[in-house]
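# Chain and residue survey
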Amino acid sequence: MELLARLGAIEDRFEQLAAQMGDPAIASDPDTYRQIAKNYSDLDRIVQKYREFRRLEEHIGESQALLEDPEMKGMAREELQALEPRRAAMLLDLRAMLLPKDPNDEKNVILEIRAGTGGEEASLFASELFRMYSRYAERRGWQVEILTMSATGLGGLKEVIALITGKQVYSRLKHESGVHRVQRVPETEAAGRIHTSTATVAVLPEADDVQIDINEKDLRIDTFCATGPGGQGVNTTYSAIRITHLPTNTVVQCQDERSQHKNKARALKVLRSRLYEAELQKQNDAIAKERKGQVGTGDRSEKIRTYNFPQSRVTDHRINFTTHQLQSVLDGNLDELISALTTFYTAEKLREATQSPA
């Protein structure tokens, strides 16, 4: 069985790493030891699950042997009826663990939220979404740094771009990209009619300098006076930066810092992540064309989720997930929803990878 052969090879590698960690020569080299320890830690969970599976296999083998004993046959059959489903479930778990990891899962993210259709109500909704993700980041111990923000006079947001740093940020937020829709009665609606507004969310993996090579000749950099709150210094100095990547016509603007240098650095960080995400999308589109019956492309034109205030309901349309804890979700309690999405997309990958039985 190919699966078990791969697991056996992984266990052998795991034991080799354990031996290397005990080598005094390696222990005296902090960088080498740290890398070996990380590799060891990455394999630990799957090796422990594989060893548990082997113990289960031994138990099944013993029960099968007892089928030959007339006095033990009944008990052995009952044990096998309980053990076989556990074996099948454990094989699925092991297959899922062997799925290729998304190389971006450990990355920080650039979060972009923009008001969509719905005027001021859409801007207010964009502000609530940003608060939701900020609260979720706080719960997970992540850091949120606002790179640029454009507010409205009534407390809404036309646009906000933020850097979120921490452990496995992209892994948890990568399925949040798309059109988010809100249904509620605005405070300004005298007739009490429910309005529908939207905001777009983009989650971009932060690109390393070595991943996206930006040629300075491909950039047009404009400086201008910043607008909005910030005092006289912000509004009268040419500190704001607009960078246009000419080959792709991608435009990034930052003005929140008084320093032109800092605004340029922030704008380049956002530009790099957008170009990186565009390259990833090209690859995903190429793969999607070859897949039949694909569920959920992640296209941002899709309305992925609805926040319905009259029913206190949040529905993710990709996985038919519904909760009536709307306020809790908006307060940043997103783990149940995000875990459901992760489980769904893992199952989709597993289904594609397991066309033939183990």
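Predicted, not measured: the structure shown is a model, and the values here were computed from it.

### Topic: helix 3 (residues 30–66)
Given a rise of 1.5 Å per residue, 37 residues ought to cover 54 Å, and the 53 Å separating the end C-alpha atoms of helix 3 matches this to within 8%. At Asp 44, helix 3 shows its largest kink, close to 40 degrees. Of the positions making up helix 3, those classed as buried are Ile 36, Leu 43, Ile 46, Val 47, Lys 49, Tyr 50, Phe 53, Leu 56, Ile 60 and Ser 63. On its buried face, helix 3 is in contact with helix 1 (2–21), helix 2 (24–27) and helix 4 (73–98).

### Details of the environment of Gln 168
Summarising the element assignment, Gln 168 is placed in the loop between strand 3 (157–165) and helix 6 (169–173). Between the C-alpha atoms of Gln 168 and Asn 104, which are 64 residues apart in sequence, the distance is 8.7 Å. Excluding residues within four positions of it along the chain, Gln 168 makes contact with Asp 105, Glu 106 and Trp 142. Only 3.2 Å separates the side chain of Gln 168 from the side chain of Glu 106, close enough to count as a polar contact.

### So, the sheet that holds strand 3
Within a sheet, adjacent strands bond to each other through the backbone by hydrogen bonds, running parallel or antiparallel. What the eight strands build is an open sheet, ordered 2-3-1-5-4-9-10-11; its pairing is mixed. Looking at which strands have only one partner, the edges of the open sheet turn out to be strand 2 (143–151) and strand 11 (321–323). Within the sheet, the average angular offset between the axes of one strand and its neighbour, ignoring direction, is 15 degrees. Of the pairings in the sheet, the one linking strand 9 (residues 303–308) to strand 10 (residues 313–316) comprises four bridges and is antiparallel in character. Bridge pairing links Asn 308 to Arg 313 in strand 10. Relative to strand 1 (residues 109–115), helix 5 (residues 120–139) is tilted by about 155 degrees, and along the sheet it contacts strand 1, strand 2, strand 3, strand 4 (178–184), strand 5 (195–205) and strand 9.

### Considering the confidence of the model for the chain
Chain-level statistics for the chain give a pLDDT mean of 85 and a share of 87% at 70 or above. Between the elements of the chain, mean pLDDT differs from a low of 47, seen in helix 7 (residues 232–236), to a high of 97, seen in helix 9 (residues 326–330).

### Topic: the packing of helix 1 against helix 3
Two measures define how a pair of helices packs: the angle their axes make with one another and the distance between the axes. Following both chains from N to C, one finds helix 1 and helix 3 inclined at 135 degrees, their axes separated by 8 Å at the closest point. One way to sum up the angle between helix 1 and helix 3 is to call them oblique. The crossing of helix 1 and helix 3 is left-handed. The class makeup of the residues in the contact of helix 1 with helix 3 is 16 nonpolar, four polar and six charged.

### Quick look at the packing of helix 3 against helix 4
Relative to each other, helix 3 and helix 4 sit at 155 degrees, their axes nearing to 9 Å. As judged from the angle between their axes, helix 3 and helix 4 are roughly antiparallel. For helix 3 against helix 4, the interelement crossing comes out left-handed. Among the residues forming the contact of helix 3 with helix 4, the class breakdown is 14 nonpolar, three polar and 10 charged.

Thresholds, definitions, all that
Residues numbered from 1 in each chain as written. Predicted model: local features only at pLDDT ≥ 70, side-chain atom pairs only at ≥ 80, totals over all residues. Heavy atoms only, no water. Helix = DSSP H or I, 4+ residues; strand = E, 2+ residues; numbered from the N terminus. Expected span 1.5 Å × (residues − 1). Bend = angle between axes of the 7 residues up to and from the residue. Buried < 20%, exposed > 50% of the residue type's maximum accessible area, 1.4 Å probe, protein only. Contact = heavy atoms within 4.5 Å. Polar contact = N/O pair within 3.5 Å; in protein donor to acceptor, adjacent residues only side chain to side chain. Pairing = 2+ DSSP bridges. Axes fitted to C-alpha atoms, helices over the stretch in contact; angles between N-to-C directions. pLDDT = per-residue confidence, 0-100. Parallel < 35°, antiparallel > 145°, perpendicular 65-115°, else oblique. Left-handed = near helix turned anticlockwise from the far one by under 90°. Nonpolar A, V, L, I, M, F, W, Y, C, P; charged D, E, K, R; others polar.

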